Amino acid sequence: MKIPENSAELKDAIVISATLYPTLSKLRERQLLFVLRAVPDEIVVEGIIQVFELGSDTEVSFIQQEIAGNILSARKPATIQSVSSVVKRCLNNWNKSIEQLPLWLVSAFGSSEIKAAFGALEKSNLTQVERENLVTMKWWLAAKI
């Protein structure tokens, strides 16, 4: 497996890993986590956000997000992006079962930033799906924020 040099390559690697998941189980995911040790945090974060931006309700898209979430959980990458930007980009297509994304948000940004961002997003022009997903993110984080 080649080391991703940019966020698009990481997104593609996650998509391929999800496609191969039924035959290779978690082997490919573990290999990806290993090669990502050499990848800067910002590339990791952006590649993962791109996975959450992909729109699809298939089992493969769930596996893609699960792999992305597992990477967040294992790597705990830092980012210079704003919490509002990250959440807004992920809200529309985030699978509510992928708890790793909201849990990573707290570890990356802190509870006070998360509260402020969620409050601002609640007052913004969100779609019904985005509103429901924001409520679910808040539910996942109820004990942490």
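Throughout what follows, the structure given in this document is the object of discussion. Computed from a predicted structure; not experimentally measured.

Looking now at the overall build of the chain. On a plain count of helices and strands, the chain comes out with eight helices and zero strands. Along its sequence from the N terminus, the chain presents helices and strands in the succession α-α-α-α-α-α-α-α. The C-alpha atoms of the chain give 15 Å as radius of gyration, which agrees with the globular expectation for 145 residues (15 Å, within 12%). Along the first, second and third principal axes, the C-alpha set of the chain runs to 45 × 30 × 25 Å. Counted over contacts in the chain with a minimum sequence separation of 6, partners at least 24 positions apart contribute 78%. Carbon and sulfur atoms provide 56% of the accessible area of the chain, an area that totals close to 7,300 Å². Each charge class in the chain can be summarised by its mean position, and for the 16 positive and 16 negative side chains these summaries are 4 Å apart.

So, on to helix 7 (residues 111-123). The end-to-end C-alpha distance of helix 7 is 19 Å, a good match for the 18 Å that 13 residues give at a rise of 1.5 Å each. Restricting attention to buried positions, one finds in helix 7 the residues Ile 114, Ala 117, Phe 118 and Leu 121. Down the axis of helix 7, the buried set is contained in an arc of 100°. They therefore lie on one face. For helix 7, the exposed residues lying more than 90 degrees away from the buried face are Ser 112, Ala 116 and Lys 123. The inward-facing, buried residues of helix 7 abut helix 5 (83-91), helix 6 (100-109) and helix 8 (128-140).

What counts and how
- Residues numbered from 1 in each chain as written.
- Predicted model: local features only at pLDDT ≥ 70, side-chain atom pairs only at ≥ 80, totals over all residues.
- Heavy atoms only, no water.
- Helix = DSSP H or I, 4+ residues; strand = E, 2+ residues; numbered from the N terminus.
- Rg over C-alpha atoms; globule rule 2.2 N^0.38 Å.
- Contact = heavy atoms within 4.5 Å.
- Areas by Shrake-Rupley, 256 points an atom, 1.4 Å probe, with all protein chains shown as cover.
- Lys, Arg positive; Asp, Glu negative; His and termini not counted.
- Charge placed at Lys NZ, Arg CZ, Asp CG, Glu CD.
- Expected span 1.5 Å × (residues − 1).
- Buried < 20%, exposed > 50% of the residue type's maximum accessible area, 1.4 Å probe, protein only.
- Arc of directions from axis to C-beta.

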